[in-house]
Each structure stands twice: as C-alpha cells, then as structure tokens.
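The lines below spell out each chain.
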Amino acid sequence: QVQLVESGGGLVQPGGSLGLSCAASGNIFSVYGMGWYRQAPGKQRELVATITSDGNTNYLDSVKGRFTVSRDNAKNTMFLQMNSLKPEDTAVYYCNADVRQRNQLLYANYWGQGTQVTVSS
C-alpha cells in the first residue's frame, strides 16, 4: 500500500505565498515522477508542475516564474512553493506520483486526497 498525503493549503491574500508538501509513505521501493495538479470549481483538473527523480521540472505556463517544485528523494517528499499568488490559483491541489512498491516490478500511479488553496482578499 502507498499513501500520498498533502499538507500546507489554506487561505492567502493575492500576492502572497504558500508552500505545499506531499509525502509518500508505505511499501515503497522507489518513486519516479511526481507532480502537482489542481482543480478549480467547475473546471477540469490541470497539471501544474512535474518533477522527475533526477530533478527535471516542467510547469504550467501560467505558473512559470511564480511556482517552484522540488523534492527530497530520501524522504519521498515533494514540495510546491507558490509565490505571487493570484485569485485564479484558487483550487484543490493534488499530489500525484509514480511509485514502485517492494516486491513489484512495475510502477503504479497514485493520488493524494487534495488540499484546498484559496487566494482571496
């Protein structure tokens, strides 16, 4: 079993900053790609940022220069630092990861439960 648990969401004013964390735990042999997605009310879930195990990153165009994704491979944890937040960043943010369990040969994809980020004055 593998669990992804996000933390760090909350309410922040426009222009403010917020940091999210995603910790993977359980029967883990290795974690490959990890990513942050978000889903605003009435909208489809969209990919915000990804990071591979060797640190390669990609970002949604609208968050480039404002968001930074990073990870601690030793702790199977991923972070998202969000700066200069805008009301349109308001969404539930989900953690996603490709995880290989011990005694397994293949990677499987997992989701966290989501954490609410609200940007409002």
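**Q** Please clarify how the sheet that holds strand β3 (residues 18-26) should be interpreted in this entry.
**A** Paired through their backbone hydrogen bonds, the strands of a sheet run either parallel or antiparallel. Read from one edge of the open sheet, four strands run β1-β3-β8-β7, paired in antiparallel fashion. Where the open sheet ends on each side, the last strands, each with one partner, are β1 (2-7) and β7 (67-72). Taking each pair of neighbouring strands and ignoring which way they run, the sheet shows an average axis angle of 15 degrees. When β1 meets β3, the two strands line up antiparallel, connected through six bridges. Residue pairing for β3: glutamine 3 is matched across the bridge by serine 25.

**Q** It is not clear to me how the side chain of arginine 38 should be interpreted in this structure. Could you clarify?
**A** Note on placement: arginine 38 falls in strand β4 (residues 28-39). Looking at arginine 38, the relative accessible area reads 6%, which means it is buried. A distance of 2.7 Å separates the side chain of arginine 38 from the side chain of glutamate 46, its partner in a polar contact. A distance of 2.9 Å separates the side chain of arginine 38 from the side chain of tyrosine 93, its partner in a polar contact.

**Q** When you look at the packing of aromatic side chains in this model, what are you seeing that I'm missing?
**A** Any two aromatic rings considered together are summarised by their centre-to-centre distance and by the angle between their planes. Scanning all chains against the criterion turns up three aromatic pairs. Between tyrosine 32 and tyrosine 107, the aromatic rings sit 6.2 Å apart at their centres with planes inclined by 55 degrees, giving tilted as the arrangement. Separated by 75 residues along the polypeptide, tyrosine 32 in strand β4 and tyrosine 107 in strand β10 (residues 107-111) bring together distant segments of the chain. Overall, the relative accessible area of 44% leaves tyrosine 32 in the partly exposed class. An aromatic cluster of three or more residues is present, and its members are Tyr37, Tyr94 and Trp111. Stacked on the ring of tyrosine 94, the Lys or Arg arginine 45 has its end atom at 3.8 Å from the ring centre. Here the basic side chain of arginine 45 rests over the ring of tryptophan 111, its NZ or CZ set 4.6 Å away from the ring centre.

**Q** Looking at this structure, I do not really get the environment of glutamine 116. What am I missing?
**A** Take glutamine 116: it is sitting in strand β11 (residues 115-119). Note on glutamine 116: relative accessible area 39%, which makes it partly exposed. Between the C-alpha atoms of glutamine 116 and glycine 8, which are 108 residues apart in sequence, the distance is 8.8 Å. When sequence neighbours within four positions are dropped, the list of residues in contact with glutamine 116 reads Gly9, Gly10, Thr90, Ala91 and Val92. In this structure the side chain of glutamine 116 is engaged in a polar contact, spanning 3.3 Å, whose partner is the side chain of threonine 118.

Criteria and cut-off values
- Residues numbered from 1 in each chain as written.
- Predicted model: local features only at pLDDT ≥ 70, side-chain atom pairs only at ≥ 80, totals over all residues.
- Heavy atoms only, no water.
- Pairing = 2+ DSSP bridges.
- Helix = DSSP H or I, 4+ residues; strand = E, 2+ residues; numbered from the N terminus.
- Axes fitted to C-alpha atoms, helices over the stretch in contact; angles between N-to-C directions.
- Buried < 20%, exposed > 50% of the residue type's maximum accessible area, 1.4 Å probe, protein only.
- Polar contact = N/O pair within 3.5 Å; in protein donor to acceptor, adjacent residues only side chain to side chain.
- Phe/Tyr/Trp six-rings, centres within 6.5 Å; stacked < 30°, edge-to-face > 60°.
- Lys NZ or Arg CZ within 6 Å of the ring centre and 35° of its normal.
- Contact = heavy atoms within 4.5 Å.

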